[in-house]
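Letter by letter, the chains look like this.
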Amino acid sequence: MNIIMLGAPGTGKGTIAGILSGELGIPQISTGDIFRKNIKEGTELGKLADSYISKGQLVPDDVTIKIVEDRLNQPDAKNGVILDGFPRTVVQADKLKEILANKGEKVDITINLVTPEEELIERIVNRRVCSNQECKAVYNLVLHPPKVEGKCDKCGSELITRKDDNVETVKSRLEQYFTATSPLVEYYEKEGVLYTETVSQSINKLGEVVAKEILEHLKEI
Ligand code: ADP
Ligand code: ZN
């Protein structure tokens, strides 16, 4: 099954994708994580990606598509994937359709996560992530704090703030979402594969609860 996680920055795509990946036994492919790994390792791709990410801009389509295409050809992707943060533009979505069609596959479901805008910025600036690349657990200082301050519950590594999780960059990332990415909601609705979930503190529905609902829904399709 090929699943897409769609939603503005801070909606919880990564957290929910991680839970679904564990439950369904299919890999989570996060373009953001792939870029961050390359930035950390100082590769050419990392340098290029950093020049966009640090400004809150999208990495160019051709670069991003190539990475996803290569990743989808890895053996562990043969039973399906959870795409977390891809596609983010209509060009990427069209190309994904073509790549999957060539393998006789398609997008089976697009999970559209919706969070009230006023919650998003707060969620992002309070986000802390595990510095251990193998773990990558995500915390929120307010909504989901670690048991020991500054340390990951799962692996004990240090928690860090993502470089792009600051108020200035967040505004530009949200703008990018509304102009370039949000048209994909209609795109996948037309394809008949859109499934929308609200993630919000105001209705007491955060990552784990939403992930459970999604898993229930997946049994029905
Ligand atoms: P978030 O959803 O919180 O913004 P991600 O980890 O998904 O975090 O992405 C971080 C950054 O990486 C984005 O702001 C963007 O610059 C870049 N990026 C990730 N995925 C894509 C993509 N599909 N196309 C272009 N840029 C991307
Ligand atoms: Zn950890």
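Residues numbered from 1 in each chain as written. Chains lettered and ligands numbered in written order. Predicted model: local features only at pLDDT ≥ 70, side-chain atom pairs only at ≥ 80, totals over all residues. Heavy atoms only, no water.

A.B. asks: Describe the coordination of the zinc ion (ligand 2), and please don't skip the residues or the numbers.
C.D. replies: Every protein donor of the zinc ion (ligand 2) is accounted for by Cys130 (SG), Cys135 (SG), Cys152 (SG) and Cys155 (SG), and the metal-donor separations fall at 2.3 to 2.4 Å. One can describe the donor arrangement at the zinc ion (ligand 2) as tetrahedral, given that its four donor atoms subtend angles of 97 to 114° at the metal. Look at where the donors of the zinc ion (ligand 2) fall in the sequence and you get C-x4-C-x16-C-x2-C. Here Cys155 lies in the loop between strand 6 (138–140) and strand 7 (159–160) and Cys135 lies in the loop between strand 5 (127–130) and strand 6, a separation of 20 residues in the sequence. Classification of Cys155 as partly exposed rests on a relative accessible area of 34%. (Donors = N, O, S within 2.8 Å, 3.2 Å for Na, K, Ca; no water. Tetrahedral: all angles 85-135°; square planar, octahedral: opposite > 155°, others 65-115°. Helix = DSSP H or I, 4+ residues; strand = E, 2+ residues; numbered from the N terminus. Buried < 20%, exposed > 50% of the residue type's maximum accessible area, 1.4 Å probe, protein only.)

A.B. asks: Requested: an account of the pairing of strand 4 (residues 109–114), with residues and values cited.
C.D. replies: Burial of strand 4 is extensive: five of the six residues sit out of reach of the surface. Of the pairings in the sheet, the one linking strand 1 (residues 3–7) to strand 4 comprises five bridges and is parallel in character. Bridge pairing in strand 4 places Met5 opposite Ile111. Sheet topology places strand 4 next to strand 8 (residues 194–198); five bridges connect them, and they run parallel. Across the sheet, Ile111 pairs through a bridge with Tyr195, a residue of strand 8. (Pairing = 2+ DSSP bridges.)

A.B. asks: So, the packing of helix 2 (residues 31–41) against helix 3 (residues 44–53): which residues are in play, and what are the values?
C.D. replies: Contact pair helix 2 / helix 3: the axes reach a minimum separation of 7 Å and the direction vectors enclose 115°. The handedness of the crossing between helix 2 and helix 3 is left-handed. Taking contact as the criterion, the partners of Phe35, Asn38 and Ile39 in helix 2 are, on helix 3, Leu45, Gly46, Ala49, Asp50 and Ile53. For the contact of helix 2 with helix 3, the per-class residue count stands at five nonpolar, two polar and one charged. (Axes fitted to C-alpha atoms, helices over the stretch in contact; angles between N-to-C directions. Left-handed = near helix turned anticlockwise from the far one by under 90°. Contact = heavy atoms within 4.5 Å. Nonpolar A, V, L, I, M, F, W, Y, C, P; charged D, E, K, R; others polar.)

A.B. asks: Give a description of the sheet that holds strand 4 that names residues and reports values.
C.D. replies: Within a sheet, adjacent strands bond to each other through the backbone by hydrogen bonds, running parallel or antiparallel. Strand order across the open sheet formed by five strands is 2-3-1-4-8, with parallel pairing between neighbours. The open sheet has two edge strands, strand 2 (28–30) and strand 8, and neither has a second partner. Here the average twist between neighbouring strands, direction ignored, is 25°. Here helix 1 (residues 13–24) sits on the sheet and contacts strand 1, strand 2, strand 3 (82–84) and strand 4; the angle it forms with strand 1, its principal contact strand, is near 165°.

A.B. asks: So what about the environment of Ile3? Which residues, and what values?
C.D. replies: Mapped onto the elements of the fold, Ile3 is located in strand 1. Given a relative accessible area of 0%, Ile3 falls into the buried group. With 157 residues separating them along the chain, Ile3 and Ile160 place their C-alpha atoms 28 Å apart.

A.B. asks: Go over the side chain of Ser200, please, and point to the residues and values.
C.D. replies: When you line up the elements, Ser200 lands in the loop between strand 8 and helix 9 (207–220). There is a polar contact of 2.7 Å between the side chain of Ser200 and the side chain of Ser202. Ignoring sequence-local partners within four residues, the contact set of Ser200 consists of Pro116, Glu119, Lys205 and Leu206. (Polar contact = N/O pair within 3.5 Å; in protein donor to acceptor, adjacent residues only side chain to side chain.)

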